[in-house]
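A look at the structure
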Amino acid sequence: AFTAPPFVNLDMRFAKRIDFSERVKMQVLFEFFNLLNRQNPAGVFTSGADPNFGKVAQVLPGREGQIGFRFEF
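Overview of the structure. By convention here, each chain's residues receive numbers from 1 onward along its written sequence. Local features are withheld for residues below a pLDDT of 70 in this predicted model, meaning they are given only at 70 or higher, and side-chain atom pairs are given and counted only at 80 or more; totals for whole chains, interfaces and linings count all residues. Side-chain measures here rest on the full set of heavy atoms in the structure, leaving out hydrogens and waters.

**Remarks on the packing of aromatic side chains**
Note on ring pairs: Phe, Tyr and Trp rings are taken, using the six-membered ring of Trp, and paired if centres are within 6.5 Å. Classes follow the plane angle, with under 30 degrees stacked, over 60 edge-to-face and the rest tilted. Summed over all chains, the structure comprises one aromatic pair. For the pair Phe-14 and Phe-32, a centre-to-centre distance of 6.5 Å together with 75° between the ring planes defines the contact as edge-to-face. You can see Phe-14 sitting in strand 1 (residues 12-19) and its partner Phe-32 sitting in strand 2 (residues 25-33), a full 18 residues away along the chain. Only protein chains enter the accessibility calculation, which uses a 1.4 Å probe; a residue whose area is less than 20% of its type maximum is buried, one above 50% is exposed, and one in between is partly exposed. Looking at Phe-32, the relative accessible area reads 30%, which means it is partly exposed. Numbering goes from the N terminus for both helices and strands, where a helix is a DSSP run of H or I of at least four residues and a strand is a run of E of at least two.

So, in structure tokens, the structure goes:
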């Protein structure tokens, strides 16, 4: 039996809504992905004849973040 390496991920989002009037609103967003900055596997060698069997071939990106603005009217 083969068990893949562990995958740990924590995403977080903060949002703040600001009302300018009854019809016009703005939302400010802060989003963070892979907050713990873990090297999560994206691919694992699975060929039984390969000497690298079970080792991680590729990892997903580390911590990332973005800021966004949303206007409603």
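Having seen it, we continue.
**Focus: the pairing of strand 1**
The two faces of a sheet get side chains in turn, since along a regular strand they alternate between them. DSSP bridges decide pairing: two strands pair if at least two such bridges lie between them. Here strand 1 runs beside strand 2; their pairing, made up of eight bridges, is antiparallel. Within strand 2, the residue paired with Ile-18 across the bridge is Met-26. Here strand 1 hands over to strand 2 after five residues, the two strands then running antiparallel side by side.

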